[in-house]
Amino acid sequence: MILQAKKINKYFRQPVNFQVLKDISFQVKKGEFVSIMGKSGCGKSTLLYILSTMDTDYEGELYVNNQLLTGQAKNNLASVRNANIGFVFQFHYLLPEFTVLENVMLPAKKLGRKSHQEIEADAMEKLRLLGIEEQALKKSSRISGGQKQRVAIARALINDPDIIMGDEPTGNLDSKNSENVFNIFQQLVEERDLSLLIVTHDTDFAEKTDRIIEMADGRIVK
Amino acid sequence: MKLAVLLNISKTHLLSRIKQSAIAALGVTFGIGTFVTMMSFMTGLNKMLDNLVLDRTPHIRLYNEIQPSEKQPLDLYDATNNALKVVHSIKPFQAKAEIKNALPILENLKNHPEVLGATPQVKAQAFYVSGAIELNGIINGVDPLEEDRLFNLSNYITEGSLRDLANNSNGIILGAGAAKKMSLKLGDRIQLATPRGDFFSLKIVGLYQSGLAEIDNAQSYTNLNIAQRLQEKSSNFITDISIKLHDLERAVPLTTVFAEQYEVNGVDIKTANAQFEVGTTIRNMITYAVSITLLIVAGFGIYNILNMLIYEKMNDIAILKATGFTGRDVRWIFISQAMLIGLVGGALGLLIGLGLSTLISTLPFETEALPTIKTFPVNFNPAFYIIGIVFALVATFFAGYLPARKAQRIDPVEIIRGQ
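**Comments concerning the pairing of strand 6 (residues 189-193) of chain B**
Residues and elements named next belong to chain B.
Okay, so step 1: By the alternation rule, side chains of strand 6 split into I190 and L192, which are all buried, and R189, Q191 and A193, of which none is buried.
Okay, so step 2: Pairing of strand 2 (residues 115-130) with strand 6, which is carried by three bridges, proceeds in the antiparallel orientation. Within strand 6, the position partnered with V129 by the bridge is Q191.
Okay, so step 3: Counted between consecutive antiparallel strands, the loop separating strand 6 from strand 7 (residues 199-208) contains five residues, among which G197 sits at a positive phi close to 100°.

Put into structure tokens, the structure is as follows:
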């Protein structure tokens, strides 16, 4: 079991006490491609931030790789994010002043398990996988939106994580680029046995995934 | 490895906004440069002024002061011990101005292990007579070569030399002011009239200039025997003994010892120049105060720029945290940016400080008070450079600390959600 959520409850206290997530429990298996759908405000992004360990203010239990993460120190959670979880956001979130290659290399440098040369080779390999190796030495602010999203995916892959989470990774892309990203995800699941958990609005995208988790008013409905 | 990663991020941040970084660094450069220059210059001046006093002032001066006896004869009379004693109109005893047994004392002092040297002086009053003019004069009978060895008297001889005085028993080194008043120059003869009405004719072998008009108008130096003859005294008549010690700090306790041992009055250099030390301390305080103010201003500049930078870099901070960088990593990224600014700005400041100090040390500085000094004195003490760079790093660390802590606490969820 790669990811397991047990009875997760989340409250917003400001401006009024409001329960966003109600008793969320589900699992993601190895090599599974799962999408989360639901209307705006149903709490799917909030759930993703909790699953990603960035938000620690919740009730319930979260396991990644069968390891309980709830209640761990922030620094431990940061290293779990670094080593085990890859992220792709709706907005590309690259460091604009760094080159594409440096952006991809950064999480691996933080992990510090490999030498600079190895990391660089790894990063080039990921970029090649996503078909953007020729952009490697450009500043990341100078490439197109579709390319940026692929760089973000390459960055998410650099430490060979157990699971990749995406918060509407195609929400900002046209249908062609959107399909492109889906194909890349599909390929990762098939070839590398990666687990994927993607929050999306895009029904076409979701219908092609292994499983759809549908949310409404803070609960899983299907 | 990890630190290198963080430093690389800071470097990229700094270089990608080179103008802002340069302005922040310039603030530090200006502060440190001014600090180094001011410290070098001010302490150079202080040291020169101190040396001025230390060089020419005896560490201990022994003399006989005219003062009323503390014990009146009546006090020695036992019969009145329990009675009230009243003595009217006490006058000082007509004591001799000379130090009793001066020559044996001198020998004794010269053999004292803590004494570097001791030299006798004879003070005498006379009038300078030139044609119809009569001027008040104070004649200092000295041992010219010893006086120069111990108290650098030759620094104040503008013409002629002390050696000429030593070689010419009828020579005189005349105060420059007096010489000017009487239109006398090197090689001329001058008439001295004693208060008793005797006349002496002396040859001017040098001119003396201390920078203080009052002294230059009256004081002159002769050999010991001339000053003794002016007062019709023998060669054991000595009015003052000037002592130079190996260690200046011993002046105060030794003065008491010598004064008691030889039954004379003594004054030490610290008592004689108390106001001087106060001046030095205050000048140093002002220098430090101004420099630290400059650095604090530079620090606020850095604080401001980093604060703005952190608002601009919210996204970057969120990404770094989302991809596994800890809050502490993020804090160090920003603190190291501040300290890099401090390091580069500070190093430049040291260079500018060195340059300015060197420039100042070549500027002409001629003053009547210091005839031997031609350029501004500058103290090239490496300690100022070390203090400067350390201060630059410490100040920028604190300027960076608060904004960096803010960055550390940024919640990435809020930033990502806010998009």
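**Some remarks on the interface of chain B and chain A**
Okay, so step 1: Across the contact, 20 residues belong to chain B and 23 residues belong to chain A.
Okay, so step 2: When contributions to the side of chain B that touches chain A are tallied by element, the ones reaching two or more residues are helix 1 (2-16), helix 12 (314-322) and helix 15 (412-418) of chain B.
Okay, so step 3: Broken down by element, the side of chain B that touches chain A gets its largest block of residues, five residues, from helix 1 of chain B.
Okay, so step 4: In terms of residue class, the side of chain B that touches chain A is built from eight nonpolar, nine polar and three charged.

**Observations concerning the sheet that holds strand 5 (residues 67-68) of chain A**
Residues and elements named next belong to chain A.
Okay, so step 1: Taken together, the four strands give an open sheet; going across it, the order is 2-1-4-5, and neighbouring strands pair in antiparallel fashion. Two strands lie at the open edges of the sheet, namely strand 2 (18-28) and strand 5, each paired on one side alone.
Okay, so step 2: With respect to the sheet, helix 1 (residues 44-51) is in contact with strand 1 (3-12), strand 2 and strand 4 (59-64), its orientation differing from that of strand 1 by roughly 120°.

**Re the sheet that holds strand 10 (residues 219-220) of chain A**
Residues and elements named next belong to chain A.
Okay, so step 1: The strand order across the open sheet built from six strands is 6-7-8-3-9-10, with neighbouring strands paired in mixed fashion. Looking at the sheet topology across the chains shown, the edges are occupied by strand 6 (85-88) and strand 10.
Okay, so step 2: Bridge count between strand 7 (residues 163-167) and strand 8 (residues 195-199): five bridges; the pairing is parallel. Its bridge partner being in strand 8, I164 is matched across the sheet by L196.

**Considering the packing of helix 11 (residues 274-312) of chain B against helix 13 (residues 327-362) of chain B**
Residues and elements named next belong to chain B.
Okay, so step 1: Here helix 11 crosses helix 13 at 145°, and the two axes come no closer than 11 Å. The hand of the helix 11/helix 13 crossing is right-handed. Residues I302, L306 and I310 of helix 11 lie in contact with helix 13, whose contacting residues are F334, Q337, A338 and I341.
Okay, so step 2: For the contact of helix 11 with helix 13, the per-class residue count stands at six nonpolar, one polar and no charged.

**Observations concerning the nonpolar core**
Okay, so step 1: Membership of the largest hydrophobic core comes to 113 residues, with the highest contact counts inside it found for L51, V104 and L197 of chain A.
Okay, so step 2: L197 of chain A has contacts with L3, V28, V34, I36, L51, I163 and M165 of chain A, leaving out every residue within four places of it along the chain.
Okay, so step 3: Grouped together as the second largest cluster of nonpolar side chains are 48 residues, I60, I173, A178 and V205 of chain B included.

Scoring rules and cut-offs
Residues numbered from 1 in each chain as written. Chains lettered and ligands numbered in written order. Predicted model: local features only at pLDDT ≥ 70, side-chain atom pairs only at ≥ 80, totals over all residues. Buried ≥ 20, exposed ≤ 12 C-beta atoms within 10 Å, placed from the backbone. Helix = DSSP H or I, 4+ residues; strand = E, 2+ residues; numbered from the N terminus. Pairing = 2+ DSSP bridges. Contact = placed C-beta atoms within 7 Å. Nonpolar A, V, L, I, M, F, W, Y, C, P; charged D, E, K, R; others polar. Axes fitted to C-alpha atoms, helices over the stretch in contact; angles between N-to-C directions. Left-handed = near helix turned anticlockwise from the far one by under 90°. Core = buried A, V, L, I, M, F, W, Y, C linked by C-beta atoms within 7 Å.

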